[in-house]
Amino acid sequence: MPGADHDVHEWYDEDPDDHDDDTEPQWFPGQHLPEDARRMGLTHHTVEGALLDFGGRLDSSKPWHRITAWAMLVVFGLPVLFAVLRLRYLF
């Protein structure tokens, strides 16, 4: 069998993900949360923390990220606007 003496499971000499500290890699979810949110105990597993993490990942130089940010603003802002209008016309 040709190439039978070549070990398929040969390891690289240097691990590309090797780092000394216990911090998680940059691409790991939850790395874009503000420090205040982390101190309050929010993580990317909570609803509020996931929204903060998602918003923190948006890059203003990308057009689709800007569109997404405006859509999020509309989605979260309209219920507040409707509640204020309801209060205004109730009295």
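Asker: Looking at this structure, I do not really get the overall build of the protein chain. What am I missing?
Answerer: Across its full length, the protein chain holds 3 helices and 0 strands. In sequence order, the protein chain lays out its α and β elements as α-α-α. Buried positions account for 7% of the 91 residues belonging to the protein chain. Within the protein chain, residue pairs in contact and separated by at least 24 positions form 18% of the contacts whose partners lie at least 6 positions apart. Surface summary for the protein chain: the accessible area is close to 8600 Å², and the carbon and sulfur share equals 62%.

Asker: What's the story with the packing of aromatic side chains in this structure? I'm lost.
Answerer: Any two aromatic rings considered together are summarised by their centre-to-centre distance and by the angle between their planes. As enumerated under the stated definition, the model contains 0 aromatic pairs in all. When the ring centre of Tyr89 is taken as origin, the NZ or CZ atom of Arg88, which lies over that ring, is 6.0 Å away.

Asker: Even after reading the chapter, I still don't get the environment of Met72, so can you show me in this structure?
Answerer: Examined against the element boundaries, Met72 turns out to sit in helix H3 (residues 63-90). Classification of Met72 by relative accessible area gives partly exposed; the value is 22%. Considered as a pair, Met72 and Leu51 are 21 residues apart in the sequence and their alpha carbons are 9.9 Å apart. Look past the residues within four positions of Met72 in its chain and what remains in contact with it is Phe54 and Leu58.

Asker: Sorry if this is basic, but what is going on with the confidence of the model for the protein chain here?
Answerer: The predicted coordinates of low-pLDDT regions are not to be read in fine detail. Taken as a whole, the protein chain shows an average pLDDT of 79; of its residues, 66% reach a score of 70 or greater. Looking across the protein chain, the model is least confident in helix H1 (residues 35-39), with a mean pLDDT of 84, and most confident in H3, with 93.

Asker: Quick question: what am I supposed to make of the pattern of salt bridges here?
Answerer: When the charged atoms of two side chains lie near each other, side chains of opposite charge can form a pair. In total, this model carries 3 salt bridges according to the counting rule given. Across the salt bridge formed by Arg38 and Glu35, the nearest N and O atoms sit 3.1 Å from each other. One end of the pair is Arg38 and the other is Glu35, both in helix H1 and 3 residues apart, which spans about a single turn. According to the relative accessible area criterion, Arg38 is partly exposed, its value standing at 33%. What makes Glu35 partly exposed here is its relative accessible area of 47%.

Asker: When you look at a nonpolar patch on the surface in this model, what are you seeing that I'm missing?
Answerer: Judged by side-chain polarity, Val74, Leu78, Leu81, Phe82, Leu85 and Tyr89 come together as a nonpolar surface patch covering roughly 600 Å² of accessible area. Position of Phe82 relative to the elements: it lies in helix H3.

Scoring rules and cut-offs
- Residues numbered from 1 in each chain as written.
- Predicted model: local features only at pLDDT ≥ 70, side-chain atom pairs only at ≥ 80, totals over all residues.
- Heavy atoms only, no water.
- Helix = DSSP H or I, 4+ residues; strand = E, 2+ residues; numbered from the N terminus.
- Buried < 20%, exposed > 50% of the residue type's maximum accessible area, 1.4 Å probe, protein only.
- Contact = heavy atoms within 4.5 Å.
- Areas by Shrake-Rupley, 256 points an atom, 1.4 Å probe, with all protein chains shown as cover.
- Phe/Tyr/Trp six-rings, centres within 6.5 Å; stacked < 30°, edge-to-face > 60°.
- Lys NZ or Arg CZ within 6 Å of the ring centre and 35° of its normal.
- pLDDT = per-residue confidence, 0-100.
- Salt bridge = Lys/Arg side-chain N within 4 Å of Asp/Glu carboxyl O.
- Patch = residues over 30% accessible without salt bridge, like charges linked within 9 Å, V, L, I, M, F, W, Y side chains within 5 Å.

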